[in-house]
Amino acid sequence: MASELRNFLALSYDELEQLNLQAKEQRRNRVAPDKIQEQRIKYLSDEKRIKAVTVLFSDLEGRLHMLDYDKKFLVKSWDNLTFDGSSIRGFTAQRESDLRLSMDWSAFYWAPADFFGSGKVLVFGQVIDKDGTPYSADMRGVLKGYADNLFDKQGYTLNAANEIEGFLFKGVDAERRFYETNTFEYVNTGGYYHSLPGDPLRTFIDTAAEVQRAMGFQNEKDHPEVAPSQFEINYSYGEVVAAADQIQLYKLICRQVATNLGLSASFLPKPVVGVNGNGMHTNVSISKDNKNLFWDPKGEEHMSPMAWSFVDRILTHANDVCLMLNASVNAYRRLDPHFEAPNQIKASPTDRGSMIRIPIGNEKSARVEVRSVAPDANPYMVMLSIFKTGLEGETAKIANIRQAERYLPDNVYDAIENFRKAPWTSKLLGEDVKARFADLKQASADRCARLLGTFVKGPEVQYHHEVYNQFLWNLF
């Protein structure tokens, strides 16, 4: 059929940015959910050029799932969308598989037609259990409930921004094909901040940044990172659930842009031995009545007592929550001190080997940077573990806790053991979800050889477990 016979929505990037920023402002201002719902359903009904609504949700490990619903069907049935939860890792057992999706109408995005297809809009969903309550293994719903409760009871707004690093490799599906090639090919070897205009890495970064801008990310800066063919595209702070949503969209955008260029964007923490790995430095703060509660012009490093208590609690529970921040076998290859890896359970304004850094800030930007987070972790679980630990965790009676000689585990097996034994992780997730998550991580670890560099041999294929096996079971 000739394309001119189709009449599907395809907006300019300027129009997309305007619409997405308006939706973002509504979300930031906490416009009543029923009012936003009414507006969105009316928009979908009136806009004849929309053919489908893509509903996004994440499984327990943070893997993004997308369902396309016919627009006309969704407008009539949005409050009764069921799906088979037993097909989603970490969700229900087969005997009790029915779950529902509820629309979070505030998390609504207009996406560029040239990358997402014309006539489509995106909305994040929340998973609902059979009894109508939020599903306990849907970390997005748990995080949203926690953040909303803090706002309602104490007036706190949880803020976050993430610095997400990735690699760009030659070829489509470079990770999936690693067992055939046993190598990744860089597209650029320029290094930190260095990439010539028009080379593949710069073209990729520019294109991904354009898509992010159109989707209301409010970009700040972008650049090649330290390792060859490595990139980072930074964007502004947001409320914690919106910030976690943007992590999922960021990785989706990067992968889609890379694929369109015949390349692969990889967010494995350590895909290449001998160079810096990928991190997801997570900057957090808490505000009330538009005042940054982490700022104190007279405090140590200009941080408030509340901020330092927040830091001390995270340091106390660092080993307990490490598996939630570094959830894959491959993540522990990144925690190597030779490559600026943050494996020390310390807090410092300068030492980038510390788990927590205190960046230079002011009344608006004062924040805590948690550096020991891998980009393949579940972003909703990461945010929940950081904020709930920082606000409600215990403080250990350790002399000089912020500089004591302590280290994060250097392998996933110790991290799983720490996670299982910790009473705090039971309070964070509940016993059932904690056990499900630990079992998933144990099964993933057991599929990989324990020793670095081990090759796993099969009847017809030999592959390096470190990348291919981890890619198959920890793809985000």
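Our structure is the block above this text.
Calculation rules
- Residues numbered from 1 in each chain as written.
- Predicted model: local features only at pLDDT ≥ 70, side-chain atom pairs only at ≥ 80, totals over all residues.
- Heavy atoms only, no water.
- Pairing = 2+ DSSP bridges.
- Helix = DSSP H or I, 4+ residues; strand = E, 2+ residues; numbered from the N terminus.
- Axes fitted to C-alpha atoms, helices over the stretch in contact; angles between N-to-C directions.
- Contact = heavy atoms within 4.5 Å.
- Phe/Tyr/Trp six-rings, centres within 6.5 Å; stacked < 30°, edge-to-face > 60°.
- Buried < 20%, exposed > 50% of the residue type's maximum accessible area, 1.4 Å probe, protein only.
- Lys NZ or Arg CZ within 6 Å of the ring centre and 35° of its normal.

(A) View of the sheet that holds strand β3 (residues 81-84). The strand order across the open sheet built from 5 strands is β2-β1-β5-β4-β3, with neighbouring strands paired in mixed fashion. Bordering the open sheet on either side are β2 (64-70) and β3, each of which pairs with just one other strand. Geometrically, the sheet is characterised by an average inter-axis angle of 40 degrees between neighbouring strands, direction not taken into account. Here β3 runs beside strand β4 (residues 98-110); their pairing, made up of 4 bridges, is antiparallel. Along β4, the bridge assignment pairs L81 with L101. Helix α2 (residues 33-46) rests against β1 (52-58), β4 and β5 (120-128) of the sheet, and its axis sits at about 85 degrees to β4.

(B) Structural context of the pairing of β2. Alignment of β1 against β2, held across 7 bridges, turns out to be antiparallel. Within the sheet, the bridge partner assigned to S58 lies in β2 and is L64. If you look at the hairpin formed by β1 and β2, you'll find 5 residues sitting between the two strands, and G62 has a positive phi there, around 100 degrees.

(C) Looking closely at the packing of aromatic side chains. Per the counting criterion, the structure on display carries 21 aromatic pairs. Centre to centre, the rings of F108 and W110 are 4.8 Å apart; their planes meet at 65 degrees, and the pair counts as edge-to-face. The exposure classification of F108 matches that of W110, with both residues buried. Taken together, F204, F217, F231, Y235, Y250 and F267 form an aromatic cluster joined through their ring pairs. The ring of F151 has R30 lying over it, and the distance from NZ or CZ to the ring centre is 3.7 Å. In this arrangement the basic side chain of K434 is found over the ring face of F419, its NZ or CZ atom lying 5.8 Å from the centre.

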